[in-house]
Amino acid sequence: MKFKHIIFLIVAFFVFIFSTFASWYEGGQLRDISWEWKYSAVFSTWLNGPVEDASDILVIDHFVYAAKFEPLFPLLMATSFLFIIFQLSDWLLRNRKTTHIIFLSLMAVGLLLMSAMLLNSPTIGLTLFSGFFGLSGLLTLLLILYRNNQKWLRRTAEVQNKG
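All values reported here derive from a predicted model rather than from experimental measurement. (Residues numbered from 1 in each chain as written. Predicted model: local features only at pLDDT ≥ 70, side-chain atom pairs only at ≥ 80, totals over all residues. Heavy atoms only, no water.)

Peer 1: Help me out: how do you make sense of the overall build of the protein in this one?
Peer 2: Scanning the protein for helices and strands turns up 7 helices and 0 strands. With the C-alpha coordinates of the protein rotated into their principal frame, the extents come out at 75 × 35 × 25 Å. Working note: accessible area of the protein is about 10,800 Å², and carbon and sulfur atoms make up 70% of it. Here the protein holds 13 positive side-chain charges and 10 negative ones, and the gap between their average locations is 27 Å. (Helix = DSSP H or I, 4+ residues; strand = E, 2+ residues; numbered from the N terminus. Areas by Shrake-Rupley, 256 points an atom, 1.4 Å probe, with all protein chains shown as cover. Lys, Arg positive; Asp, Glu negative; His and termini not counted. Charge placed at Lys NZ, Arg CZ, Asp CG, Glu CD.)

Written as structure tokens, this is what we have:
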């Protein structure tokens, strides 16, 4: 891995950590808004049943609330996380092209599915996330096509040079 890629990875890691804490802080507002518990304390409700007290709210629900109503830091968190995943996959799977393409394809499908799940959200934050995941999925597909096209162009050039 080149030095500049390591620097990018370190910066992305620090952005991820900072935005995670900022999102967690912003999402902490959920504890004070009891009427929102029914709609934003999704994971707490799934795991523990209906939320009746602020102490019943799980930390992950802070991120759900922040994504819905204060989406800047959650989007920054998601962006830096995806950047880290793509950089690490590029580094770890650089000698396994087929495995890397399969991984990127699964990432693209996952991102597009998340986009579809959030598409009709009533909040602006989750609508932004839907667009972000959809765009990320499409860009991942374009990256796969670009890399495959590069390989095809190299082969074509080699064949032409031989002939």
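Now, onward.
Peer 1: How do you make sense of the pattern of salt bridges when you look at a structure like this?
Peer 2: Pairing is possible between side chains that carry opposite charge, provided their charged atoms lie close to one another. A complete count under the given rule lists 2 salt bridges for this structure. In this structure, Glu36 engages Lys68 in a salt bridge whose closest nitrogen and oxygen atoms are separated by 3.2 Å. Of this pair, Glu36 sits in the loop between helix H1 (3-27) and helix H2 (37-40) while Lys68 sits in helix H4 (residues 59-69), and the two are 32 residues apart along the sequence. You'll find Glu36 and Lys68 in the same group, each marked buried. Between Arg147 and Asp90 there is a salt bridge whose closest N-O contact spans 3.1 Å. Here Asp90 lies in helix H5 (residues 72-92) and Arg147 lies in helix H7 (residues 124-162), a separation of 57 residues in the sequence. (Salt bridge = Lys/Arg side-chain N within 4 Å of Asp/Glu carboxyl O. Buried < 20%, exposed > 50% of the residue type's maximum accessible area, 1.4 Å probe, protein only.)

Peer 1: Whenever I open this one, the environment of Leu104 confuses me. Can you help?
Peer 2: With respect to the secondary-structure elements, Leu104 resides in helix H6 (residues 97-118). Each C-alpha atom of the pair Leu104 and Ile60 lies 26 Å from the other, and the pair is 44 residues apart in sequence. Discounting chain neighbours no more than four positions away, the residues touching Leu104 are Phe86, Ser89, Thr140, Leu143, Ile144 and Arg147. (Contact = heavy atoms within 4.5 Å.)

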